[in-house]
Amino acid sequence: MPEEFAFVDNKCHIYMGFFVSKKESEFIKKYGREQFENLLEEKDVDVIEIKRNSVL
């Protein structure tokens, strides 16, 4: 989501959830959420696709 959608009147934070594989979870823990998001963007991954393959 674009950053401007992340906050509502500085009171609410909007988050989006999607499934990640075990390897993706380990990647996030090691390198952080932002690096994982960059990887998803590089690979042009549709995170909404429930049956998507892992990027790792």
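Thresholds applied
Residues numbered from 1 in each chain as written. Predicted model: local features only at pLDDT ≥ 70, side-chain atom pairs only at ≥ 80, totals over all residues. Heavy atoms only, no water. Phe/Tyr/Trp six-rings, centres within 6.5 Å; stacked < 30°, edge-to-face > 60°. Helix = DSSP H or I, 4+ residues; strand = E, 2+ residues; numbered from the N terminus. Buried < 20%, exposed > 50% of the residue type's maximum accessible area, 1.4 Å probe, protein only. Polar contact = N/O pair within 3.5 Å; in protein donor to acceptor, adjacent residues only side chain to side chain. Contact = heavy atoms within 4.5 Å.

**Focus on the packing of aromatic side chains**
For the coordinates displayed, the defined rule picks out two aromatic pairs. Centre to centre, the rings of F27 and Y31 are 4.7 Å apart; their planes meet at 45°, and the pair counts as tilted. Separated by four residues within a single helix, F27 and Y31 lie in helix α1 (residues 22-31), roughly one turn from each other. Note on F27 and F36: the rings are 6.2 Å apart at their centroids and 55° apart in plane angle, and the pair reads as tilted. What makes F36 buried here is its relative accessible area of 3%. Linked through ring pairs, F27, Y31 and F36 together constitute an aromatic cluster.

**Focus: the side chain of E24**
Note that E24 resides in helix α1. Only 2.7 Å separates the side chain of E24 from the backbone nitrogen of S21, close enough to count as a polar contact. Once residues lying within four places of it in the same chain are set aside, the contact partners of E24 are F19, F36, R52, S54, V55 and L56.

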